Amino acid sequence: MTRKNQTLGEFIIENQASFKYSSGELSRLINSIRLAAKVVNHEVNKAGLVDIIGAVGETNIQGENQQKLDVYANEKFIQTLTKRNIVCGIASEEEDDFIAINSQDENHQNKYVVLIDPLDGSSNIDVNVSVGTIFSVYRRVTPVGTPVQLKDFLQKGSEQVAAGYVVYGTSTMLVYTTGAGVNGFTLNPAIGSFYLSHPNMSFSEEGSIYSVNEGNYQDFPLGIKKYIKYCQEEEGDRPYTSRYIGSLVSDFHRNMIKGGIYMYPKGSRNPNGKLRLLYECNPMAFLAEQANGKASDGYTRTLDVIPTALHQRVPFICGSKKMVEKVEEFMQEFGE
Ligand code: AHM
Ligand code: MG
């Protein structure tokens, strides 16, 4: 049951029974993410006030500069999920390897693993542009009570039991799915509670916004170039317009509300695309499908891709169904 103005806490309790494997464990997990999101939100909002911005000089496994808030968000999410004894394993975009929790304790019965991008789009922080947290939840495939293994994390996206994001924007929202539609909750910062503000979120079948870094145009596969030209040159009442923030969560969020498509194709600079299958593409693909949208690499459904490495990248095309299908037609016809 969804009722506008419900708090996220009430929503989680009321909807727990409708989750088919409900034991309260997933509810506790979502609650922990809600808590960590509030802590990170507090810090993100202070970013302009305190000297927290700037690279700490470390690079993450992808060779990119980490910024202080990335490190902070990573720590907060990992601490919250670890110390509260909620999950059996975590993989983070900011960590080289996965983290096994209480792996020596055979009484440890937790069955979920979380994959997280603690602060996506962090190159936007120091210019006051929205950033986000993306998370993805799977049931482990190895026996409960034993240490988690890589295969618990390398599951197809279609096996996700929950996924969502937090967007730290003009207002802060937590948007998530447990496989029964997508609901969005807005934080009231005065009270510190998330309220259901966007029940049953959905992409329109057709959209009008295309979001892509056109600075990489020369690099794109021919099918993508042709699609962009199609959006630009469509005769008559041309519906398309371009919007690109360069912050996946914000671009996705806007497109889901207004109707549109997000694309990060491959190119010679990014031979497999830039985005990570496990931390970015799969959770967004699960949300998209739950919201009547679609996600693929231009040929294959994102949720069907079999992962081979924790930090694997894939091309990502995601949004309103008819727009994604159009890109797939162009890829079929013109290919690379
Ligand atoms: P990040 O995980 O290092 O923050 O990179 C992911 C971000 C996405 O949020 C965004 O859509 C994309 O990178 C933008 O990339 P580009 O600057 O190449 O357009
Ligand atoms: Mg990221």
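Reading the values: rules and limits
- Residues numbered from 1 in each chain as written.
- Chains lettered and ligands numbered in written order.
- Predicted model: local features only at pLDDT ≥ 70, side-chain atom pairs only at ≥ 80, totals over all residues.
- Heavy atoms only, no water.
- Donors = N, O, S within 2.8 Å, 3.2 Å for Na, K, Ca; no water.
- Helix = DSSP H or I, 4+ residues; strand = E, 2+ residues; numbered from the N terminus.
- Near = heavy atom within 4 Å.
- Polar contact = N/O pair within 3.5 Å; in protein donor to acceptor, adjacent residues only side chain to side chain.
- Areas by Shrake-Rupley, 256 points an atom, 1.4 Å probe, with all protein chains shown as cover.
- Nonpolar A, V, L, I, M, F, W, Y, C, P; charged D, E, K, R; others polar.
- Domains from an automatic or database assignment.
- Expected span 1.5 Å × (residues − 1).
- Buried < 20%, exposed > 50% of the residue type's maximum accessible area, 1.4 Å probe, protein only.
- Contact = heavy atoms within 4.5 Å.
- Pairing = 2+ DSSP bridges.
- Axes fitted to C-alpha atoms, helices over the stretch in contact; angles between N-to-C directions.

Chemist: Now, about the coordination of the magnesium ion (ligand 2): what can you tell me, with residues and values included?
Modeler: Listed as protein donors to the magnesium ion (ligand 2) are Glu 93 (OE), Asp 117 (OD), Asp 120 (OD) and Glu 280 (OE); their distances from the metal cover 1.9 to 2.6 Å. Donor residues for the magnesium ion (ligand 2) sit on one chain with the sequence pattern E-x23-D-x2-D-x159-E. Taken together, the positions of Asp 117 in strand β5 (residues 112-120) and Glu 280 in helix α7 (residues 277-290) put the pair 163 residues apart, joining distant regions of the chain.

Chemist: Break down the site of ligand 1 for me, citing the residues and quoting the values.
Modeler: Looking at ligand 1, there are 17 residues lining it, with Asp 120, Tyr 244, Leu 248, Tyr 262 and Tyr 264 nearest. Between Tyr 262 and ligand 1, the recorded distance is 2.6 Å, taken from a side-chain N or O atom to an oxygen atom. When the free accessible area of ligand 1 is taken as 470 Å², the share hidden by the protein chains comes to 83%. Counting only elements with at least two residues in the shell around ligand 1, the list comes to β5 and β13 (260-264). Here the residues of the shell around ligand 1 sort into five nonpolar, five polar and seven charged. Two domains each provide a minimum of three residues to the shell around ligand 1, namely domain 1 (8-198) and domain 2 (209-334).

Chemist: Describe helix α5 (residues 222-233), with residues and values.
Modeler: The end-to-end C-alpha distance of α5, which contains 12 residues, comes to 16 Å, matching closely the 16 Å that a straight helix rising 1.5 Å per residue would cover. Residues of α5 that are buried include every one of Gly 223, Ile 224, Lys 225, Tyr 227, Ile 228, Tyr 230 and Cys 231, and no others. In this structure, the buried side of α5 is in contact with β11 (209-211), β13, β15 (316-320) and α8 (321-334).

Chemist: Explain the sheet that holds strand β6 (residues 131-139) residue by residue, including any values.
Modeler: Read from one edge of the open sheet, eight strands run β4-β3-β5-β6-β7-β8-β9-β10, paired in mixed fashion. Single-partner strands in this sheet number two, and they are β4 (99-100) and β10 (193-198). Relative to strand β7 (residues 162-168), β6 runs antiparallel, the two sharing seven bridges. By the bridge assignment for β7, Phe 135 is matched with Gly 164. Packed onto the sheet, helix α1 (residues 8-16) meets β8 (172-177), β9 (182-188) and β10 and runs at close to 10 degrees relative to β8.

Chemist: Summarise the pairing of β9; cite the residues concerned and give the values.
Modeler: Judged by how many residues are buried, β9 sits mostly within the fold: six of seven residues are covered. Sheet topology note: the β8/β9 ladder contains five bridges and is antiparallel. The partner of Tyr 176 across the bridge, within β9, is Asn 183. In this structure, the hairpin formed by β8 and β9 is closed by a connection of four residues, where Gly 179 is found at a positive phi of approximately 95 degrees. In this sheet, β10 lies alongside β9 in antiparallel orientation, the contact comprising five bridges. Its bridge partner lying in β10, Phe 185 is registered against Leu 196. Linking two consecutive strands that pair antiparallel, namely β9 and β10, is a turn of four residues; a positive phi of about 85 degrees is found at Gly 192 within it.

Any link to function would need more than the numbers given here.
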